[in-house]
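# Architecture and fold: a report
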Amino acid sequence: MKKGLEVNLFEKLVDDNKLHKNFISILSEEHEKEREVLNNWIKDFPDRDGKFVKEFQTTFNSSFWEIYLYALFREFNFEFDWKCSRPDFALKDNELEFIVEATIANNAQGKEEEWNKDILKVYDDYTETMNEKNIYSIIRLANSFLSKLKKYRDSYGSLAHVKGRPFVLAISPFEQPLFYHQYDRPIMALLYNYYVDEEAYFKNPKKYPDGPPGISLDSVEKENGSEIMLGMFMDERAKEVSAVIFNPLATWGKVLNLTDKKGFYSHSWITNKGLVMTQDEQELIEDGLFVFHNPFAENPLPKEVFDKDRVCQVFMDKKTLFLEQKYGSKHLSGRTSIGINIIPDNMD
């Protein structure tokens, strides 16, 4: 891998009043060990346009997600090709060359930002308003997804190093406080039109002895009245996108857990009797990672690329509409069951 110039994330390049809230918070002495983890993550990262550090300090989340992805891909021993400045990552795994473009879901203008620290107030009504929050997440994720799909069609798809290779979108949610609680609910609805209604389950668990019901939303409505049709991976609408990488747990909490404080990651799932099972293990950088495959992709991403014990890959059979989640050999699925008929409860 070609080494880049030394990147100093924490030498301030702008006035204090321009610094992002998250960047300010991690400068305190108590976060020294976490900063060491982040510096290790970004080792040899090439700042190709000379703007990366400034963007990290002023906008934070998109740069943090890109740093996380870079560290993740290094952990998986992917090879990097930095000759071209866009899209974000040109990678090679064994003989397979593929492209990854990073993006995030931000809050809508005028909406509460994710760094709001009044967590207790926000959390008070969380389980009572999960659907409202998840639908908002779906809309913000859809905006990011569709924006990058357009970018591919208008620009990336014509690049020589992109043509004919799997094109993967890496999307991370930062659209609201407590975004990390969304698990796969909004992204599954966006890509496969399958939404797990946990709010209904929490309000009346006896009605759902097999756990939260899966339903079809078909579409969601934005504040301006326009509709977003769901199920982007259920037909050829997004055939250019081979897969989506997603991790709602790629947060500062992960950095904290990877210091010498030895954090633990809880694998939780609901059994067919509604029983929540939990398994605690040493935190790894890939914990929380999903790879959602597009069965209609022009250039499919081989499942072997992310076949890791702690990575959840999601596949859909385009003929039967059967949806399946698979970890590596050692781990069960998260809060949804392994092997889901994607025809939801409210569909004929």
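Here the structure is shown first, and the text comes after it.
Every value quoted in this text rests on a predicted model; they were computed, and no experiment measured them.

### Focus on helix H4 (residues 61–75)
Over its 15 residues, H4 runs 21 Å from end to end, which matches the ideal 21 Å to within 8%, given 1.5 Å per residue. H4 sits mainly inside the fold: 12 of its 15 residues count as buried. Three or more residues of H4 are buried, namely Asn61, Ser63, Phe64, Trp65, Glu66, Ile67, Tyr68, Leu69, Tyr70, Ala71, Leu72 and Phe73.

### A closer look at the packing of helix H2 (residues 32–41) against H4
As a packed pair, H2 and H4 sit with axes 9 Å apart at the nearest point and diverge in direction by 65°. Facing H2, whose interface residues are Leu38, Asn40 and Trp41, H4 presents Phe64, Ile67, Tyr68, Tyr70, Ala71 and Arg74. Residues of the contact of H2 with H4, tallied by class, amount to 7 nonpolar, 1 polar and 1 charged.

### Here we look at a negative patch on the surface
On the surface, a cluster of negative charge is made up of Glu29, Glu30, Glu32 and Glu36. Mapped onto the secondary structure, Glu32 falls in helix H2. Under the relative-accessibility criterion, Glu32 is labelled partly exposed at 45%.

### Examining the packing of helix H6 (residues 130–154) against helix H7 (residues 185–192)
The geometry of a pair of packed helices is captured by two quantities: the angle between their axes and the separation between those axes. With their axes 8 Å apart at the nearest point, H6 and H7 run at an angle of 55° to one another. The orientation of H6 with respect to H7, classified from their angle, is oblique. Of the two elements, H6 crosses H7, and the hand of that crossing is right-handed. Packed against H6, whose contacting residues are Asn134, Ser137, Ile138, Leu141, Ala142 and Phe145, the element H7 presents Arg185, Pro186, Ile187, Ala189, Leu190 and Leu191 at the interface. For the contact of H6 with H7, the class distribution of residues is 9 nonpolar, 2 polar and 1 charged.

Conventions we followed
- All residue numbers here refer to positions counted from 1 along the written sequence of the relevant chain.
- Only residues with pLDDT of at least 70 get local features here, since the model is predicted, and only at 80 or more are side-chain atom pairs given and counted; chain-wide, interface and lining totals rely on the full set of residues.
- Hydrogens and water are ignored here; the side-chain numbers use all heavy atoms of the structure.
- Helix and strand labels come from DSSP, where a helix needs a run of H or I of at least four residues and a strand needs a run of E of at least two; each type is numbered from the N terminus.
- One less than the residue count of a helix, multiplied by 1.5 Å, gives the span that helix is expected to have.
- For each residue, the accessible area found with a 1.4 Å probe, counting protein chains only, is set against the maximum for its type, and the residue is called buried under 20%, exposed over 50%, and partly exposed in between.
- Lines fitted to the C-alpha atoms define the axes, with helices restricted to the stretch that makes contact. Angles between their N-to-C directions range from 0 to 180 degrees.
- Contacts are assigned to residue pairs that have any heavy atoms within 4.5 Å of one another.
- Following the grouping adopted for this structure description, the nonpolar residues are Ala, Val, Leu, Ile, Met, Phe, Trp, Tyr, Cys and Pro, the charged ones are Asp, Glu, Lys and Arg, and the polar ones are all others, Gly among them.
- Residues with no salt bridge and a relative accessible area higher than 30% make up the patches, which join like charges within 9 Å and nonpolar side chains (Val, Leu, Ile, Met, Phe, Trp, Tyr) within 5 Å.
- Only the protein chains shown count as cover for residues, with accessible areas throughout obtained via the Shrake-Rupley method and a probe of 1.4 Å.
- A carboxyl oxygen of Asp or Glu within 4 Å of a side-chain nitrogen of Lys or Arg is what we treat as a salt bridge.
- His is not counted, nor are the chain ends, whereas Lys and Arg count as positive and Asp and Glu as negative.
- In this description, the location of a charge corresponds to atom NZ of lysine, CZ of arginine, CG of aspartate or CD of glutamate.
- Angular relationships are summarised with four words: roughly parallel below 35 degrees, roughly antiparallel beyond 145, roughly perpendicular across 65 to 115, and oblique for the angles in between.
- Crossings are sorted by hand: turned counterclockwise from the far helix by less than a right angle, the near helix makes the crossing left-handed, and turned clockwise it makes it right-handed.

Just geometry here; none of it tells us what the structure is for.
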